[in-house]
Amino acid sequence: KVKKEQLHKYTNLSGITFVPLLAENFSWVNYVEVVKELRRAGFTDVTAEPLKNLRMAAFRQNMTARVSINGDAAVVSGSKYPIDSKVIVYYNSVRK
């Protein structure tokens, strides 16, 4: 069970939270902002992973490419997930 003081407006007492709008509409949004919004929504296991898909620094650098929740890449705002779901925010980054 989740303690009431750990809850966010998206989260209910059964430990379920809703995907915030930003997680679905992340085009041209810095991955740090997407991670923050997912954590504010109540998700407890949020990580960011670079794609290393850019040859050199570009405007797209650090912009969110996709979000995966429990392996589900088709993330839709308003969808319900347990707060301890594995959330990965993939973002565009420069190859090294």
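Below or above, wherever it landed, is the structure these notes cover. Just so you know, these numbers come straight off a predicted model, no measurement behind them.

### Section: the pairing of strand 5 (residues 86–91)
Here is step 1 of the chain: Burial analysis of strand 5 places five of its six residues in the buried class, which makes it a mostly covered element.
Here is step 2 of the chain: Of the pairings in the sheet, the one linking strand 2 (residues 45–50) to strand 5 comprises six bridges and is parallel in character. The residue bridging Pro50 from the neighbouring strand is Tyr91, located in strand 5.

### Quick notes on the environment of Ile16
Here is step 1 of the chain: Following the sequence through the fold, Ile16 ends up in strand 1 (residues 16–18).
Here is step 2 of the chain: Here the alpha-carbon distance between Ile16 and Asp84, two residues 68 residues apart in the chain, equals 8.7 Å.

### Quick notes on the sheet that holds strand 5
Here is step 1 of the chain: What the three strands build is an open sheet, ordered 2-5-3; its pairing is mixed. With one partner strand each, in any of the chains shown, strand 2 and strand 3 (64–69) form the two edges of the open sheet. Neighbour to neighbour, the strand axes of the sheet diverge by 20 degrees on average, direction disregarded.
Here is step 2 of the chain: Against the sheet, helix 2 (residues 31–40) contacts strand 2, strand 3 and strand 5, and its axis sits at roughly 165 degrees relative to strand 5.

### Describing the nonpolar core
Looking at soluble globular proteins, one finds that nonpolar side chains tend to be buried together.
Here is step 1 of the chain: Core analysis: the largest hydrophobic core is formed by 17 residues, its most contacted members being Leu38, Phe43, Val67, Ile69 and Val89.
Here is step 2 of the chain: Elements with a contribution of two residues or more to this core: helix 2, strand 3 and strand 5.
Here is step 3 of the chain: For this core, the leading source of residues is helix 2, giving four residues.

### Some points on the environment of Asn62
Here is step 1 of the chain: Structurally, Asn62 is set in the loop between strand 2 and strand 3.
Here is step 2 of the chain: Spatially, the C-alpha atoms of Asn62 and Val94 are 8.9 Å apart, while their sequence positions differ by 32 residues.
Here is step 3 of the chain: Filtering out sequence-adjacent residues up to four positions away, Asn62 remains in contact with Val29, Asn30, Tyr31, Tyr91 and Asn92.

### Observations concerning the pattern of salt bridges
Here is step 1 of the chain: Throughout the structure, instances matching the rule amount to two salt bridges.
Here is step 2 of the chain: Ionic pairing is found between Glu33 and Lys36, a salt bridge with its closest N-O pair at 3.6 Å. Of the two residues, Glu33 and Lys36 are both situated in helix 2; the distance of three residues between them amounts to about one turn of the helix.
Here is step 3 of the chain: Classification of Glu33 as partly exposed rests on a relative accessible area of 36%.
Here is step 4 of the chain: We classify Lys36 as partly exposed; its relative accessible area is 40%.
Here is step 5 of the chain: In this structure, Arg40 engages Glu37 in a salt bridge whose closest nitrogen and oxygen atoms are separated by 3.0 Å. Here Arg40 pairs with Glu37, and both are found in helix 2, just three residues apart, close to one helical turn.
Here is step 6 of the chain: Relative accessible area serves as the criterion here: at 17%, Glu37 is assigned to the buried category.

### As for unusual backbone geometry
Here is step 1 of the chain: In this structure, Lys52 is a non-glycine residue whose phi angle is positive, near 50 degrees.
Here is step 2 of the chain: Inspection of the secondary structure assignment puts Lys52 in the loop between strand 2 and strand 3.
Here is step 3 of the chain: Exposure remark for Lys52: the relative accessible area of 49% places this residue in the partly exposed category.
Here is step 4 of the chain: Of note, the phi angle at Asn62 is positive, near 70 degrees, even though the residue is not glycine.

Calculation rules
- Residues numbered from 1 in each chain as written.
- Predicted model: local features only at pLDDT ≥ 70, side-chain atom pairs only at ≥ 80, totals over all residues.
- Heavy atoms only, no water.
- Buried < 20%, exposed > 50% of the residue type's maximum accessible area, 1.4 Å probe, protein only.
- Helix = DSSP H or I, 4+ residues; strand = E, 2+ residues; numbered from the N terminus.
- Pairing = 2+ DSSP bridges.
- Axes fitted to C-alpha atoms, helices over the stretch in contact; angles between N-to-C directions.
- Contact = heavy atoms within 4.5 Å.
- Core = buried A, V, L, I, M, F, W, Y, C linked by side-chain atoms within 4.5 Å.
- Salt bridge = Lys/Arg side-chain N within 4 Å of Asp/Glu carboxyl O.

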